[in-house]
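Here's the letter readout for the chains.
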Amino acid sequence: MQVKSNALQLFLLGPPRLERCTAAVHLPRKKELALLAYMAFGKQAYNRDTLATLLWPNEGDSHARGSLRRMLYELRKILGEELLPVEGERVGPLEMGPLEDPRLWVDIEEFQGLLAQARKAECDRGAEAASQEQLLGQAVELYRGDFLAGFTLGKCGEFSDWQFFQGEYLRRELCGALECLVEICEREGKIDEGIACGRRLVDVDPLNEEAHCALMRLYSQSGQREAALRQYRFCVKLLNEELGVEPEEETVEQYERIRDSRPAKRRLQEPGHRKCPRLAVLPCKSLAMEREQDWFSDGMTDALITELSQQAGLEVISYTSSVRYKNTTKSLRQIAAELNVDYLLEGAVLKAGDEVRISAQLVEAAADRHMWAESHRGHFADILQLQEKLAGSIAFRVAGTLASRLSKPAAQEISSEAREACMLGDYFLRRSQSDEEIEKAREFYRKALAGDPHCADAYAGLAFSFFTLGGYGRDVEPSPEGRRMVGQLIESALQIDPSNARARMVLGGMLLEWDWNWAAAEREFQTVLRIKPNHIETLNWYSELKMDFGQFAEALTLVQRAYRVNPLDPVTLIHLYRYHRAVFQWRRSLDILDRIDELAQGRSGGSFHRSWVYLMMGNYESAVPRLKKLITIPIHYDYVHGFLAYAFGKLGQKADALEIITEMIDWRQRGRKVAAYYIGLAFHGAGMNDEALHWLEVSLADHELDLCGLPIRILWDDLHWDHRFQDIVLRLGLPLQLEYIREALDRRARTASRSRG
């Protein structure tokens, strides 16, 4: 855009600078430029204490506030008081002025605005492709370098972290724009432009295998066969050196086609022409006036998703991701784009006494076209048949045939009262963010069983509520009585309905986490996936089991299946993060944690997981400040203290490590829950391996869940070659993974060396 000649211009992409009329505006200190960058990116007002701590973290409060006060005074003289308002404790936001006539023009603001316009043009099927290409081209041209390239603030750790993560975000935006440009150029036959964009994409994201493939195709189409073959060899070398993996089959096949002078095929399929159509069921709207019927509309949404997931040739987004669009103001196109689906199902339900009405309409996302609508009416006692009938109609419209339907057992016949109580139990279990909601779920399951003792779903729901304390991710080591109770509930459910997926999933989880019976757990997970191929909890747990055995390719297949149908669920993303962390893809794992924080709004424990990544990288200096912050949060006990002591030990601060270890042992002796595993890990970090092995033996005797995955935990370093450590692994029933550990330690050494360099 054309910028007014007397407007200030702040360039943050590349080496940062401030200009007016193409002349540099001098700022006395680097921190003034840092403050401008921070406020321009945040576009909000900040408290003085926040800014003082950010820029002067090692100074006392009064001194830091004094430094900030002086800097604000000088900065406002340079910029103008109207551009940087200060009122009491509130600083900002920057008054940039209107877009068409700004007082302050910022390149990242322009960059993000162009990308937003390009996305809008992409969604608007009536817009010319050239419009989107032009907008993306302008954005890419504006990206002259990485965010604040070459700019550092020394010991301002929090600012450095912020700079790193914002830079990674903007780099991802650039990569997305370049990927889109390469696809447009390839589709439109603009070979030279596509090659230029592809080269830049590979420079920015050298491990992007599809970018290498696109370049190979473009080189081949332009007659540069040798360049295409060189690109393949370069890709193979990078993947091997950085990730220790071979290229995907499609990449090899494309190379062979070019080598043999056959036409190269595009890997990407055209939108709307997938082999397997993708569908999202939006949260059903309740036509009842009472909020109390939310349980019914939510239950119907979940039931329709479950029913449609039984259809072969149809991929359905999970409830956890779909429910995020309840009461949304986003357009259907936006939702379809975010979920990457071909079709959307909108539904409305009404329960009036025993009468039920269900209506639904199917929308083709790309054309925003209503394909079909129908309504069903019946009795609540026939709710399962109504769901099945509606799901069959949708599958027929989307997949094209009812013959593709998977075989499944007949629905269990139970009373209407028990069915309603069970749906209410599921409703509260899905919402379970508090002990009160968990207990409500249990009350309804018990009510269902009191009305009909042959309700397998109620037994399974009750077992699940106790196994995970109301929600996956809140597992605890149960008492012997708790184990027996959950086991009896699962036995009752499976006696009534041997194909009950939830019951078998909990049984698999018990065998995995409580009994360490790996083979039996795998058999149960496989059984569940035959019943429900995209059962999220099972896919996640099974992927963990595969990683414990070092079977990373199988683990990736499972977690990718879960992610495809559940892309907006933090728990599924955590498992995807764990995979990338395990295969040394550090940057990718940190990117996923950023996405988790966005979705979970600070409730994901992302800081702890980031610390884990830094420890695996050998970057102990970055892990320590994060762990120090976390020890003040009551929910984080043993593992945060254990990791902090480990990091102190690795940094040579043995006294600090031993102080934490002594405190952890004292807590344990006084009855506080502290896992022996983390005491052992802390001793190992301090270089005291005999003590570390003693506490590992205690952990084994206590049957602690933290031991699962021990063979692939690289934090134990060369202790993996100690026969006492190996004996513990073998008594767990897990195989040694010495080749994996050797490679992991080698990669960590190379990463740490590059960081120091």
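Residues numbered from 1 in each chain as written. Predicted model: local features only at pLDDT ≥ 70, side-chain atom pairs only at ≥ 80, totals over all residues. Heavy atoms only, no water.

This part takes up the overall build of the chain. Of regular secondary structure, the chain possesses 32 helices and 13 strands. Counting across all 757 residues of the chain, residues that qualify as buried make up 53%. Counting only contacts in the chain whose residues sit at least 6 apart along the sequence, the fraction spanning at least 24 positions is 61%. Entry remark: accessible area of the chain is about 34,700 Å², with carbon and sulfur atoms responsible for 49%. (Helix = DSSP H or I, 4+ residues; strand = E, 2+ residues; numbered from the N terminus. Buried < 20%, exposed > 50% of the residue type's maximum accessible area, 1.4 Å probe, protein only. Contact = heavy atoms within 4.5 Å. Areas by Shrake-Rupley, 256 points an atom, 1.4 Å probe, with all protein chains shown as cover.)

Turning to its location among the elements, Glu513 is positioned in helix α19 (residues 501-514). One buried charged side chain, Glu513, makes no salt bridge at all; its nearest oppositely charged neighbour is Arg578, positioned 7.7 Å away. Polar contacts involving the side chain of Glu513 include one to the side chain of Trp541, which spans 3.3 Å. (Lys, Arg positive; Asp, Glu negative; His and termini not counted. Salt bridge = Lys/Arg side-chain N within 4 Å of Asp/Glu carboxyl O. Polar contact = N/O pair within 3.5 Å; in protein donor to acceptor, adjacent residues only side chain to side chain.)

Turning our attention to the packing of aromatic side chains. The full count for this structure, using the stated rule, is 23 aromatic pairs. Geometrically, the ring pair formed by Tyr639 and Tyr678 is tilted, given 6.2 Å between the ring centres and 55° between the ring planes. Taken together, the residues Tyr639 in helix α27 (residues 638-650) and Tyr678 in helix α29 (residues 676-685) connect sequence positions 39 residues apart. Exposure remark for Tyr678: the relative accessible area of 7% places this residue in the buried category. Taken together, the ring pairs in this structure connect Phe608, Trp612, Tyr639, Phe643, Tyr677, Tyr678, Trp716 and Phe725 into an aromatic cluster. (Phe/Tyr/Trp six-rings, centres within 6.5 Å; stacked < 30°, edge-to-face > 60°.)

A few words on α29. An α-helical turn contains 3.6 residues, so any two residues separated by three or four positions project in the same direction. Summarising burial for α29: 10 of the 10 residues are buried, a large majority. Taken together, the buried positions of α29 are Ala676, Tyr677, Tyr678, Ile679, Gly680, Leu681, Ala682, Phe683, His684 and Gly685. Looking at the buried positions of α29, the neighbouring elements they touch are α27, α28 (654-669) and α30 (689-701). Following α29 by one or two positions, Gly687 has its phi on the positive side, about 80°.

Here we take up the sheet that holds strand β7 (residues 104-106). Spatially, β3-β2-β1-β7 is the arrangement adopted by the 4 strands of the open sheet, whose pairing is mixed. Looking along the sheet, the strands with just one partner apiece sit at the ends: β3 (23-24) and β7. Direction of pairing for strand β1 (residues 8-11) relative to β7: parallel, over a ladder of 3 bridges. Along β7, the bridge assignment pairs Leu8 with Leu104. (Pairing = 2+ DSSP bridges.)

Once that is clear, we can look at the environment of Val559. Residue placement: Val559 occurs in helix α22 (residues 552-565). With residues near it in sequence (within four places) discarded, Val559 still touches Ser543, Thr572, His575 and Leu576.

The next thing to look at is helix α7 (residues 191-204). A rise of 1.5 Å per residue sets the reference length of α7, with its 14 residues, at 20 Å; its end C-alpha atoms lie 20 Å apart and thus fit the reference within 8%. For α7, the set of buried residues is Ile191, Gly194, Ile195, Cys197, Gly198, Leu201, Val202 and Val204. (Expected span 1.5 Å × (residues − 1).)

Our next topic: the pairing of β1. Covered by surrounding structure in β1 are Leu8 and Leu10 together with Gln9 and Phe11, the residues of both alternating faces. Counting the residues that bridge the hairpin from β1 to strand β2 (residues 17-20) gives 5 residues, and of these Gly14 lies at a positive phi of roughly 100°.

We now examine the nonpolar core. Counting 162 residues, the largest nonpolar core has Phe296, Leu344, Ile490, Phe643, Leu710 and Trp716 as its most contacted members. Ranked by residue count, the leading element in this core is α19, at 9 residues. What Phe296 contacts, discounting residues up to four positions off in sequence, is Val349, Leu350, Lys351, Val356, Phe380, Ile383 and Met423. If you look at the next biggest cluster of nonpolar residues, it comprises 82 residues, including Met71, Val91, Ala139 and Val140. (Core = buried A, V, L, I, M, F, W, Y, C linked by side-chain atoms within 4.5 Å.)

Time to look at the sheet that holds strand β6 (residues 90-91). The strand order across the open sheet formed by 3 strands is β4-β6-β5, and the pairing between neighbours is antiparallel. The open sheet terminates on both sides in strands that have one partner only, identified here as β4 (46-47) and β5 (86-87). The pairing of β5 with β6 spans 2 bridges and is classified as antiparallel. The residue of β6 that forms the bridge with Val86 is Val91.

Here we take up the pairing of strand β11 (residues 343-352). Counting buried residues in β11 gives 8 out of 10 residues, a clear majority hidden from the surface. Bridge count for strand β8 (residues 278-281) against β11 is 3 bridges, and the pairing is parallel. Bridge pairing links Leu279 to Tyr343 in β11. Where β11 and strand β12 (residues 355-364) come together, 10 bridges link them in antiparallel fashion.

What follows covers the environment of Trp667. Along the chain, the position of Trp667 falls in helix α28. The exposure class assigned to Trp667 is buried, which follows from its relative accessible area of 9%. For the pair Trp667 and Asp638, spaced 29 residues apart in the sequence, the C-alpha separation amounts to 9.5 Å.

With their axes 10 Å apart at the nearest point, α30 and helix α31 (residues 723-732) run at an angle of 15° to one another. Relative to α31, the element α30 is oriented roughly parallel. The hand of the α30/α31 crossing is left-handed. Contacts between α30 and α31 pair Asp690, Leu693, Leu696, Glu697 and Leu700 from the former with Arg724, Phe725, Ile728, Arg731 and Leu732 from the latter. (Axes fitted to C-alpha atoms, helices over the stretch in contact; angles between N-to-C directions. Parallel < 35°, antiparallel > 145°, perpendicular 65-115°, else oblique. Left-handed = near helix turned anticlockwise from the far one by under 90°.)

Take the pattern of salt bridges next. Here the structure, examined in full by the defined rule, presents 36 salt bridges. Across the pair Asp515 and Arg483 runs a salt bridge whose closest N-O atoms are separated by 3.7 Å. One end of the pair, Asp515, is in the loop between α19 and α20 (518-531); the other, Arg483, is in helix α18 (residues 480-496), and 32 residues separate them in sequence. Note that Asp717 is salt-bridged to Arg748, the shortest N-O span being 2.3 Å. Pair noted here: Asp717 is in the loop between α30 and α31 and Arg748 is in helix α32 (residues 738-756), with a separation of 31 residues, a long-range link.

Note the cis peptide between Gly92 and Pro93, where omega equals 5°. You can see Pro93 is positioned in the loop between β6 and β7. We note that His703 has phi near 60°; this positive angle belongs to a residue other than glycine. As for its position among the elements, His703 is in the loop between α30 and α31.

Moving on, we come to the side chain of Ser611. Relative to the helices and strands, Ser611 is located in helix α25 (residues 606-617). Those residues in contact with Ser611, other than ones at most four positions away along the chain, are Ala623, Arg626 and Leu627.

Another point: the packing of α28 against α29. Direction vectors running N to C along α28 and α29 enclose 160°, while the axes themselves pass 10 Å from each other. One element, α28, and the other, α29, form an angle in the roughly antiparallel class. Viewed along their axes, α28 and α29 form a crossing whose handedness is left-handed. Along its contact with α28, which presents Leu658, Ile661, Met664, Ile665 and Arg668, the element α29 presents Ala676, Tyr678, Ile679, Ala682 and Phe683.

Turning our eyes to something else, we now look at the state of the cysteines. Inspection of the entire model under this criterion finds 0 disulfides. Residue Cys197 stays outside any disulfide, its sulfur separated by 5.0 Å from that of Cys185, the closest cysteine. (Disulfide = S-S within 2.5 Å.)

Looking at the chain as a whole, its pLDDT mean stands at 82, while 85% of the residues score no less than 70. Contacts for the low-pLDDT stretch residues 123-127, under 50 throughout, to residues beyond four places or in other chains number 5 contacts. The low-confidence segment residues 266-275 (pLDDT under 50) makes 19 contacts with residues lying over four places distant or belonging to another chain. (pLDDT = per-residue confidence, 0-100.)

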